[in-house]
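Per-entry structural report
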Amino acid sequence: MKSAVSSLVSSKNLTRLHSAISRPLLHSSSKPISQTTFFVPAFPRNTENLYQKLRIRPNSTSVMSSAFKPEQARLPPALPLPTPPLTKFKIGLCQLSVTPDKERNIKHARKAIEEAAQKGAQLVVLPEIWNSPYSNDSFPVYAEDIDAGHDASPSTAMLAEVSGHLRITIIGGSIPERCGDKLYNTCCVFGTDGKLKAKHRKIHLFDIDIPGKITFMESKTLTAGETPTIVDTDVGRIGIGICYDIRFQELAMIYASRGAHLLCYPGAFNMTTGPLHWELLQRARAVDNQLYVATCSPARDAGAGYIAWGHSTLVGPFGEVLATTEHDEDIIIAEIDYSILEQRRMNLPLAKQRRGDLYQLVDIQRQNAD
């Protein structure tokens, strides 16, 4: 009786109700308590009437969720997490040194990809701007026509050939792309068949000015991309961002609402923002969206015009750093286990606790497509 009543009334009302029921029954019987028959009063089937009579508010998660409208916190509503093609696999993060010699950079990247695959990586990630020095002067000189392919884009031609040969998925870092009279900072994703699966143009350009520390304006030469990029691969659904894109949580939230298992950010943070923000942002994007985040940086070159921070990293859905390195050239091999995603989302059921009655994130691209 107590368990049945306690789910419907407060502890204070339960005490009063218990006293009101038990005292008359016990006092009116001359039998020992073990031989006394108790009669439990029937409660109305309409529990809402009971709540009104007792003037208490139901404390139900489902009722609260309904009132808070969590499904409306994402417009269109968030997609369910898809079943990935595999649960566990190894990822390789290739932190590469970059020189002014483009041909050398391409050969060096290929060798690193092959080494990562030899160590068991089924997904390999390259750094931001791995075929060129990172500078506004270099971008026009090293830019390639990716759509034309072959000789017009030797960097992506290599990625296509090696991904198909090794039967691995490659997140091709980024290279300067020429399209007509515009330049972009572009990441290409190649599948196990060697075909281009997606192309992400950096959405948020790196324009910053920290007096006495660093000033850089990508917008002097580059054009911002206009499309979020999420791609289904043989190693799961992956959202792509490039470096400065990681600072904008809205992009990561859109990827999560589209069912991403993993976010990959090739990036080249610098010696000013890197120590403070690089790991912080990765862990924030991972824990906020309850998914994996992988980053890949160029190795540090103290003599370069732009000095990269390094520290390529894999972060898990609980914000835990699973693998990382320092600033020198390195190849990180780490395991991703997608079965943990559902576990963490059960531990912290954020999707069911959002306040759609108070705020909303609108995925404009999906909304316009409906």
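Preceding this paragraph is the structure being described.
First things first, this report covers the structure right here in the doc. (Residues numbered from 1 in each chain as written. Predicted model: local features only at pLDDT ≥ 70, side-chain atom pairs only at ≥ 80, totals over all residues. Heavy atoms only, no water.)

**Side note on the sheet that holds strand β12 (residues 262-266)**
What the six strands build is an open sheet, ordered β10-β11-β12-β13-β14-β15; its pairing is mixed. Among the strands making up the open sheet, the edge pair consists of β10 (229-233) and β15 (321-324). Within this sheet the neighbouring strands show an average axis-to-axis angle of 20°, counted without direction. Two elements, strand β13 (residues 292-296) and strand β14 (residues 313-315), share three bridges in a ladder whose sense is antiparallel. The residue bridging Thr295 from the neighbouring strand is Thr313, located in β14. Along the sheet face, helix α8 (residues 249-257) touches β10, β11 (236-240) and β12 and points at about 145° away from the line of β12. (Pairing = 2+ DSSP bridges. Helix = DSSP H or I, 4+ residues; strand = E, 2+ residues; numbered from the N terminus. Axes fitted to C-alpha atoms, helices over the stretch in contact; angles between N-to-C directions. Contact = heavy atoms within 4.5 Å.)

**Focus on the nonpolar core**
In terms of nonpolar packing, the biggest core is built from 45 residues, with Ile91, Leu123, Ile171, Ile238 and Leu262 touching the most fellow members. Apart from residues lying up to four places away in sequence, Ile91 is in contact with Ala121, Leu123, Val125, Ala294, Leu314, Ile332, Ile333, Ala334 and Ile336. Counting residues in each nonpolar core, the second largest holds 22 residues, with Cys94, Ile113, Ala116 and Ile331 among its members. (Core = buried A, V, L, I, M, F, W, Y, C linked by side-chain atoms within 4.5 Å. Buried < 20%, exposed > 50% of the residue type's maximum accessible area, 1.4 Å probe, protein only.)

**Concerning a negative patch on the surface**
A surface patch of like charges, here negative, comprises Glu326, Asp328, Glu329 and Asp330. Note on placement: Asp330 falls in strand β16 (residues 330-337). What makes Asp330 partly exposed here is its relative accessible area of 32%. (Patch = residues over 30% accessible without salt bridge, like charges linked within 9 Å, V, L, I, M, F, W, Y side chains within 5 Å. Areas by Shrake-Rupley, 256 points an atom, 1.4 Å probe, with all protein chains shown as cover. Salt bridge = Lys/Arg side-chain N within 4 Å of Asp/Glu carboxyl O. Lys, Arg positive; Asp, Glu negative; His and termini not counted. Charge placed at Lys NZ, Arg CZ, Asp CG, Glu CD.)

**Comments concerning the state of the cysteines**
Inspection of every chain in the model, using the stated rule, returns zero disulfides. Cys296 provides the cysteine sulfur closest to Cys94, a residue in no disulfide bond, and the two sulfurs are 6.2 Å apart. Between Cys264, a cysteine without a disulfide, and Cys187, which holds the nearest cysteine sulfur, the sulfur-to-sulfur distance is 8.1 Å. (Disulfide = S-S within 2.5 Å.)

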